[in-house]
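Residue strings, one per chain:
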Amino acid sequence: VGLAAATACVVEDVLNDLVLWRICVARASPVVESHPRLQRSLGAPFRVEPWWNGSVSSRGNGNLASCVYLVDGERASCDVQVVLVRAPGSAHAYVPNLVRNLAAPEQWRVARMEAILPHEKSAGLPGRVNLLQEPEPKGGVLANQKKPAKGKKERWRGVKRWFRRSKGDE
């Protein structure tokens with residue numbers, strides 16, 4: 001009896017992860033497929049990797065879910081991260097999350113949706129794209145990146161000032 005109950009809990013948890021993954025992909029796919037930066041970086045058409053290659057976690061009595069899945073394009077791949085929230089309901093306190101997710105997937109709201117693009121920044125580092133904001137930031141792709149580092153001479157000028165003698169010390 002104990003082994004059957006443990007197996008039932010594991011199966012319910014795995015099926016709940018699958019349902020949450022499908023909700024995440026359903027919410028994010030229209031945004032991902034129409035985003036111009038993703039189309040440029042990855043190349044169309046897009047293909048979503050199977051759910052077992054992704055990651056799903058839920059917290060807060062099942063009212064906060066985080067999902068990461070892989071999207072393949074013609075030229076590259078990227079991770080898409082989606083965070084969903086659901087208003088807690090006291091009426092559903094004893095209903096398993098799997099049943100709630102199957103019965104009412106529309107209760108989930110997207111709190112965050114990001115893509116991690118390869119080679120977006122200099123030196124081949126990945127770049128984050130907030131898919132809930134406008135597709136192209138004002139000022140182009142590089143507008144939100146840090147300013148270039150100061151030159152070697154400018155950097156050391158500040159340090160040299162620390163060690164200069166003041167006129168009163170001489």
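Residues numbered from 1 in each chain as written. Predicted model: local features only at pLDDT ≥ 70, side-chain atom pairs only at ≥ 80, totals over all residues. Heavy atoms only, no water.

**Q** Help me understand the overall build of the protein, please; the structure alone is not making it clear to me.
**A** The helix and strand tally for the protein stands at 4 helices and 6 strands. Along the protein, helices and strands appear, N-terminal first, in the series α-α-β-β-β-β-α-β-β-α. A sequence separation of at least 24 residues applies to 59% of the contacts in the protein between residues at least 6 apart. Carbon and sulfur atoms make up 57% of the accessible area of the protein, which totals about 11,600 Å². (Helix = DSSP H or I, 4+ residues; strand = E, 2+ residues; numbered from the N terminus. Contact = heavy atoms within 4.5 Å. Areas by Shrake-Rupley, 256 points an atom, 1.4 Å probe, with all protein chains shown as cover.)

**Q** What is the right way to read the pattern of salt bridges from this model?
**A** Any two side chains of opposite charge can pair, so long as their charged atoms come close to each other. Counted by the stated rule, this structure contains 4 salt bridges. Note that E49 and R47 form a salt bridge whose closest N and O atoms lie 2.9 Å from each other. Owing to a relative accessible area of 47%, R47 belongs among the partly exposed residues under this scheme. Across the salt bridge formed by R112 and E114, the nearest N and O atoms sit 4.0 Å from each other. On the basis of relative accessible area, E114 is assigned to the buried category, the value being 14%. (Salt bridge = Lys/Arg side-chain N within 4 Å of Asp/Glu carboxyl O. Buried < 20%, exposed > 50% of the residue type's maximum accessible area, 1.4 Å probe, protein only.)

**Q** In this structure, what is going on with the confidence of the model for the protein? I would like to understand it.
**A** Segments scoring low in pLDDT should not have their predicted coordinates read at a detailed level. Looking at the protein, the pLDDT average stands at 78 and 71% of residues meet or exceed 70. Below a pLDDT of 50 lies the segment residues 139-148, which in the model reaches 8 contacts outside its immediate sequence neighbourhood of four places, other chains included. (pLDDT = per-residue confidence, 0-100.)

**Q** What am I meant to see in helix α1 (residues 2-34) here?
**A** Since the α-helix packs 3.6 residues into each turn, any two residues three or four apart lie on the same face. If you check α1, its first and last C-alpha atoms are 49 Å apart, about what 33 residues at 1.5 Å a residue would give, namely 48 Å. For α1, the principal kink sits at A28 and spans about 40 degrees; a proline, P30, occurs within the next four residues. Every buried residue of α1 is listed here: N16, D17, V19, L20, W21, I23, C24, V25, A28, S29 and V32. (Expected span 1.5 Å × (residues − 1). Bend = angle between axes of the 7 residues up to and from the residue.)

**Q** So what exactly am I meant to see when it comes to the packing of aromatic side chains here?
**A** One pass over the structure, following the stated rule, counts 2 aromatic pairs. When the ring of W21 is compared with that of Y69, the centres are 6.4 Å apart and the planes differ by 80 degrees; the resulting orientation is edge-to-face. On the criterion of sequence distance, the pair formed by W21 in helix α1 and Y69 in strand β3 (residues 64-72) is long-range, its members being 48 residues apart. For the residue pair W21 and Y69, the accessibility class agrees, reading buried in each case. Consider the rings of W51 and W52, whose centres lie 6.4 Å apart with planes at 70 degrees: the pair is edge-to-face. For W52, a relative accessible area of 61% gives the class exposed. (Phe/Tyr/Trp six-rings, centres within 6.5 Å; stacked < 30°, edge-to-face > 60°.)

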